[in-house]
Amino acid sequence: MSLLVEVTPAPVRERLAIFVVDMNEKINGHAMGMTKLLLEDSIRMINEVMTGHGDDVKFKISILQYGGCNWITSDSKPIDIDDFFLNDRTQHDMKGIKNALTELNSKLDKKEFLKSNVGSYVPVITFIGSGHTNENIDKEIKELKDNNWYKHAIKLAVMTDLESDIKLYEYIIGNAESVFTIDNSDEYLKLFNRIFFDYMS
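Residues numbered from 1 in each chain as written. Predicted model: local features only at pLDDT ≥ 70, side-chain atom pairs only at ≥ 80, totals over all residues. Heavy atoms only, no water.

**Q** Looking at this structure, how should I read the overall build of the chain?
**A** Scanning the chain from terminus to terminus reveals six helices and seven strands. Each helix and strand of the chain, ordered N terminal to C terminal, gives the series β-α-β-β-β-α-β-α-α-β-α-β-α. Within the chain, the fraction of its 201 residues that count as buried is 49%. Sequence separation of at least 24 residues holds for 73% of the intrachain contacts in the chain that already meet a minimum separation of 6. Taken as a whole, the chain presents about 10,500 Å² of accessible surface, with 50% of it coming from carbon and sulfur. (Helix = DSSP H or I, 4+ residues; strand = E, 2+ residues; numbered from the N terminus. Buried < 20%, exposed > 50% of the residue type's maximum accessible area, 1.4 Å probe, protein only. Contact = heavy atoms within 4.5 Å. Areas by Shrake-Rupley, 256 points an atom, 1.4 Å probe, with all protein chains shown as cover.)

Next comes the structure, spelled out in structure tokens:
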């Protein structure tokens, strides 16, 4: 009889970060640049947290750009953070954030982005963009608030245009204290880092 005991590795816990970002060509160049910079800084921060805590937790990401409502990452599943590469792109077919909210709602489902063989944890959802819209999004917000994954998700937003109305993102995420402007983006990054550090526990 062998004295060796086969040890089954503990399953890796998967956490999901979703970014909804404004790539509208109509926003000013500074706001577009800040959107890309904050997205890249956020993903770099996740990677640093994950690298410092071994292999027991794995972060996956999904990035939805609006208003053309296209997934920069795969539209069928979240991707490993190492597979992320941000192309220099803008959207020309602008339909605002309305379609993006509908698309986000459809993916917050155990049959879609929240599949996991070890169980899914609540996602972190971050909105980054100018904060402009002329659309009525009441129906889309109601549908999202009826989605338990969205209801219990950790939600943040950063406005990259100081001329925007902060109330748009307050309405979308339902918490004024989690909406940041570009003037206090450092505070956003500190909170973002703390959230993902806490996620490792």
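**Q** Teacher, can you tell me more about the nonpolar core here?
**A** Proteins that are soluble and globular tend to have nonpolar side chains buried together. Within the largest apolar cluster, 32 residues are counted, with the highest numbers of intra-cluster contacts made by Phe19, Ile46, Ile61, Ile63, Tyr188 and Phe196. In terms of residues, this core owes the most to one element, helix 1 (residues 29-51), which gives nine residues. Excluding its chain neighbours within four sequence positions, the residues that come into contact with tyrosine 188 are Phe19, Leu38, Ser42, Thr126, Ile128, Leu156, Val158 and Phe180. Among the nonpolar cores identified, the runner-up in size contains 28 residues, and Ala100, Ala153, Tyr169 and Ile173 belong to it. (Core = buried A, V, L, I, M, F, W, Y, C linked by side-chain atoms within 4.5 Å.)

**Q** Teacher, can you tell me more about the pairing of strand 5 (residues 124-129) here?
**A** Remember that side chains alternate between the two faces of the sheet whenever the strand is regular. Taking burial as the measure, the six residues of strand 5 include six buried ones, the bulk of the element. Neither face of strand 5 is exposed, since Val124, Thr126 and Ile128 on one face and Ile125, Phe127 and Gly129 on the opposite face are all buried. Here strand 1 (residues 13-22) runs beside strand 5; their pairing, made up of five bridges, is parallel. Looking at strand 5, one finds that alanine 17 is bridged to valine 124. As judged from the six bridges shared by strand 5 and strand 6 (residues 154-159), these two strands associate in the parallel manner. Counted as the bridge partner of valine 124 is isoleucine 154 from strand 6. (Pairing = 2+ DSSP bridges.)

Geometric values such as these leave the question of function open.
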